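So the chains spell out like this:
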Amino acid sequence: MDDPQRIASDGAACALRNNRSTPPPGVYCEGTFDTWLCWPHTPANATAYEHCPEFVHGFSPELLAHKECTANGTWYTHPLTGLPWSNYTTCVKPEDDVSDIIAVYELGYGVSLVALLLSLAILFYFKSLRCARITVHMNLFASFAANNAAWLAWYGLVVRAPDTLARSPVWCRVLNAALQYVLLTNYTWMLCEGLYLHTVLVSAFVSERRLVRALVLAGWLLPTPPVLVYVARRAAAGDELCWMDEGPPRAELAVLVCAAVLLNLGFLCNIVRVLCTKLRAGGAAGGAARPSATALHALRATCLLAPLLGLQYLLTPFRPDREASWWLVYEYVSALTVSLQGLCVAVLYCFCNGEVLAQLRRRWRVLTFRPRANSATNTTVSFVRSAAAGAGDDKV
């Protein structure tokens, strides 16, 4: 049963049940339906208890949620939202609490975001680094930074706010759609990295300016159709809980991810084959043109990151059940590998880039250069002595 149908049927059943029940004497809170549970008429200064809903992922139906009726006969309102609030925080068993895992995600995304923003600042600052390859790197950094920021917002504003999940406002569904979009841009921009390397190293003649323009359009626009399909399907189904989904990746999103990962691996395999052929031919010919060191470094970085980005989707079918003994280990390892992908991107493409390191060393030498205080005096004295010696020679 779709969620709108469930809400309509449960709401009607709740209204019928409350209409048939006798209200308590004195001041009381009128029975209500909060889209999750039906709450009965409750006397003032009392608390109503109901079993937790089964359809919410992570909730245990044997536990109890509660709703407080205040002294003036109104339901308790949350101080942040000003709306009637039901307490579902008691619906999660301590052993099912994943707040520590969420904290690992938040820490990893925070570290990655700082590293990515620092990388972007470095590449923006040094104008001499601007080239087609660096432009592709900067777009990759921007996509990962946007993804990390979106995840931090999702955890802070939605996952840690049960009342937001219960109400499922429009803004949280928009945030979910934006999150899916920036997540897909990570994969399309890794594909652009592989395609750029493949085109530059394999093709003899290519206009890098036109190539970069095409890659910018592809990297940011390719995720749009799958996300639009995703939004249309979720809206048509009337899904709640801010479109939170703990199941396997949805087909409309997974198709683009799998295609990007497989195409990237194909590009990289062909690049390695061509490079090996060129290097062997160069050694035999006694010094043919070889790929630059920066191009080879970018190739190594892409070879390392392409499998890393695909790891999240490759391991999903092997995710254990919560009852499995190694479920917690799997979740922590997954949290670390996924949230620190941005840090890996920044380290491999910026902090370990020879050109960037050379610029940073040059800038550091300029900033730390301190001429000696008496250097000007010594220079003047030496000049005067030399002039005097020259004048003496002229007189002789």
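Calculation notes
- Residues numbered from 1 in each chain as written.
- Predicted model: local features only at pLDDT ≥ 70, side-chain atom pairs only at ≥ 80, totals over all residues.
- Heavy atoms only, no water.
- Helix = DSSP H or I, 4+ residues; strand = E, 2+ residues; numbered from the N terminus.
- Buried < 20%, exposed > 50% of the residue type's maximum accessible area, 1.4 Å probe, protein only.
- Contact = heavy atoms within 4.5 Å.
- Areas by Shrake-Rupley, 256 points an atom, 1.4 Å probe, with all protein chains shown as cover.
- Patch = residues over 30% accessible without salt bridge, like charges linked within 9 Å, V, L, I, M, F, W, Y side chains within 5 Å.
- Salt bridge = Lys/Arg side-chain N within 4 Å of Asp/Glu carboxyl O.
- Phe/Tyr/Trp six-rings, centres within 6.5 Å; stacked < 30°, edge-to-face > 60°.
- Disulfide = S-S within 2.5 Å.
- Axes fitted to C-alpha atoms, helices over the stretch in contact; angles between N-to-C directions.
- Parallel < 35°, antiparallel > 145°, perpendicular 65-115°, else oblique.
- Left-handed = near helix turned anticlockwise from the far one by under 90°.
- Core = buried A, V, L, I, M, F, W, Y, C linked by side-chain atoms within 4.5 Å.
- Nonpolar A, V, L, I, M, F, W, Y, C, P; charged D, E, K, R; others polar.
- Polar contact = N/O pair within 3.5 Å; in protein donor to acceptor, adjacent residues only side chain to side chain.
- Lys, Arg positive; Asp, Glu negative; His and termini not counted.

## Considering the overall build of the protein chain
Scanning the protein chain from terminus to terminus reveals 13 helices and six strands. Per-residue burial for the protein chain yields a buried fraction of 40% across its 396 residues. Sequence-distant contacts in the protein chain: of pairs separated by 6 or more residues, those separated by 24 or more amount to 68%. For the protein chain, the accessible area works out to roughly 21500 Å², and carbon and sulfur atoms hold 65% of it.

## What to know about a nonpolar patch on the surface
A surface patch of nonpolar side chains, amounting to about 300 Å² of accessible area, comprises Trp-326, Val-329 and Val-333. Since its relative accessible area comes to 46%, Trp-326 is described here as partly exposed.

## A closer look at the packing of aromatic side chains
In this structure the tally under the stated criterion is 12 aromatic pairs. Measuring from centroid to centroid gives 6.2 Å for Phe-59 and Tyr-88, while their planes differ by 15°, and the two rings are stacked. Highlighted residues: Phe-59 in the loop between strand S5 (46-51) and strand S6 (64-69) and Tyr-88 in the loop between S6 and helix H2 (99-125), separated in sequence by 29 residues. The class for Tyr-88 is buried, based on a relative accessible area of 4%. Measuring from centroid to centroid gives 5.0 Å for Tyr-125 and Phe-126, while their planes differ by 85°, and the two rings are edge-to-face. Assessed through its relative accessible area of 47%, Tyr-125 is described here as partly exposed.

## Considering the state of the cysteines
Per the stated rule, a full pass over the model turns up four disulfides. Linked covalently through their sulfurs, Cys-14 and Cys-38 form a disulfide whose S-S length is 2.1 Å. Its S-S torsion of approximately 75° makes the covalent link between Cys-14 and Cys-38 right-handed. Of this pair, Cys-14 sits in helix H1 (residues 3-20) while Cys-38 is found in strand S3 (residues 38-39), placing the two residues 24 residues apart along the sequence.

## Brief notes about the packing of H2 against helix H11 (residues 341-351)
Contact pair H2 / H11: the axes reach a minimum separation of 7 Å and the direction vectors enclose 25°. On the basis of their axis angle, the class for H2 and H11 is roughly parallel. In terms of crossing hand, the pair formed by H2 and H11 is left-handed. On H11, the residues touching Val-111, Ser-112, Ala-115, Leu-116, Leu-118, Ser-119 and Ile-122 of H2 are Gln-341, Gly-342, Leu-343, Val-345, Ala-346, Cys-350 and Phe-351.

## Topic: the nonpolar core
Residues Tyr-88 and Trp-154 are the most contacted members of the largest nonpolar core, which totals 34 residues. Secondary-structure elements contributing two or more residues to this core are S6, H2, helix H3 (132-159), helix H4 (162-167), helix H5 (170-202) and helix H10 (327-339). For Trp-154, the contacting residues outside a window of four places in its chain are Val-159, Cys-172, Leu-175, Asn-176, Leu-179, Cys-242 and Met-244.

## Side note on the packing of H3 against helix H6 (residues 208-221)
Interhelical geometry of H3 versus H6 gives an angle of 10° and a closest axis separation of 10 Å. Considered as vectors, H3 and H6 are oriented roughly parallel to each other. Contacts from Ala-132, Thr-135, Val-136, Asn-139, Ala-142 and Ser-143 of H3 reach H6 at Glu-208, Val-212, Leu-215, Val-216 and Trp-220. Split into classes, the residues belonging to the contact of H3 with H6 amount to seven nonpolar, three polar and one charged.

## Here's the deal with the side chain of Thr-199
Here Thr-199 is to be found in helix H5. There is a polar contact of 2.8 Å between the side chain of Thr-199 and the backbone oxygen of Leu-195. What Thr-199 contacts, discounting residues up to four positions off in sequence, is Val-206 and Leu-211.

## What to know about the side chain of Lys-67
As for its placement among the helices and strands, Lys-67 is situated in strand S6. Buried and without a salt bridge, Lys-67 has Asp-34 as its closest oppositely charged side chain, separated by 5.0 Å. Engagement of the side chain of Lys-67 in a polar contact is seen with the side chain of Ser-86, the distance being 2.9 Å. When sequence neighbours within four positions are dropped, the list of residues in contact with Lys-67 reads Thr-32, Trp-39, Ala-46, Thr-47, Ala-48, Trp-75, Pro-84, Trp-85 and Ser-86.

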